[in-house]
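# Structure assessment
Chain residues, written in single-letter form:
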Amino acid sequence: MAIVGAFARIESDLISSCQSALEEIAGVSIFDIEDPDKLGVLVEADSLNEAHSTITTTIRTTPGVLGVWPVYVNTEDEQVHN
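These lines cover the structure that appears in this document, whether it is placed above or below. (Residues numbered from 1 in each chain as written. Predicted model: local features only at pLDDT ≥ 70, side-chain atom pairs only at ≥ 80, totals over all residues. Heavy atoms only, no water.)

For the rest of this paragraph, the subject is the environment of alanine 6. Locating alanine 6 in the fold gives a position in strand β1 (residues 2-10). Between the C-alpha atom of alanine 6 and that of tryptophan 69, which follows or precedes it by 63 residues, the distance is 5.4 Å. Leave out the neighbours within four places in its chain, and alanine 6 touches Leu39, Gly40, Val41, Val68, Trp69, Pro70 and Val71. (Helix = DSSP H or I, 4+ residues; strand = E, 2+ residues; numbered from the N terminus. Contact = heavy atoms within 4.5 Å.)

You can see lysine 38 is positioned in strand β3 (residues 38-45). Among the residues examined, lysine 38 registers a relative accessible area of 18% and is labelled buried. Separated by 23 residues in the primary sequence, lysine 38 and isoleucine 15 have C-alpha atoms spaced 8.5 Å apart. Discounting residues that sit within four places of it in the chain, lysine 38 has contacts with Ala8, Arg9, Ile33 and Trp69. (Buried < 20%, exposed > 50% of the residue type's maximum accessible area, 1.4 Å probe, protein only.)

Once that is clear, we can look at a nonpolar patch on the surface. Together, Trp69, Val71 and Tyr72 make up a nonpolar patch on the protein surface, roughly 290 Å² of accessible area in all. Among the structural elements, tyrosine 72 can be located in strand β4 (residues 65-74). (Patch = residues over 30% accessible without salt bridge, like charges linked within 9 Å, V, L, I, M, F, W, Y side chains within 5 Å. Areas by Shrake-Rupley, 256 points an atom, 1.4 Å probe, with all protein chains shown as cover. Salt bridge = Lys/Arg side-chain N within 4 Å of Asp/Glu carboxyl O.)

Counting 18 residues, the largest nonpolar core has Leu22, Val28, Val41, Val43, Ile59 and Val68 as its most contacted members. Those elements that place two or more of their residues in this core are β1, α1 (15-23), β2 (28-32), β3, α2 (48-59) and β4. Those residues within four positions of valine 43 in sequence are excluded, and the remaining contacts are Ala2, Ile3, Val4, Gly27, Val28, Ala51, Thr54, Ile55 and Ile59. (Core = buried A, V, L, I, M, F, W, Y, C linked by side-chain atoms within 4.5 Å.)

Given below as structure tokens:
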């Protein structure tokens, strides 16, 4: 399992609707941070590739999201296949 923490910059006038939309995405939790134009995002996925896909496709294309950047990754339970 991969857990990725990220910050998402949100358009100021769309923060409420964007927050609601992000909460509907499977495996995604949000939390407030001190910056009013950003949300904290926690993505839980079966693999790091799946978490990356969620961030770069689903979260990034949510109306109101201007950008998303990871700040924390934990994959200690994920098995690496060479």
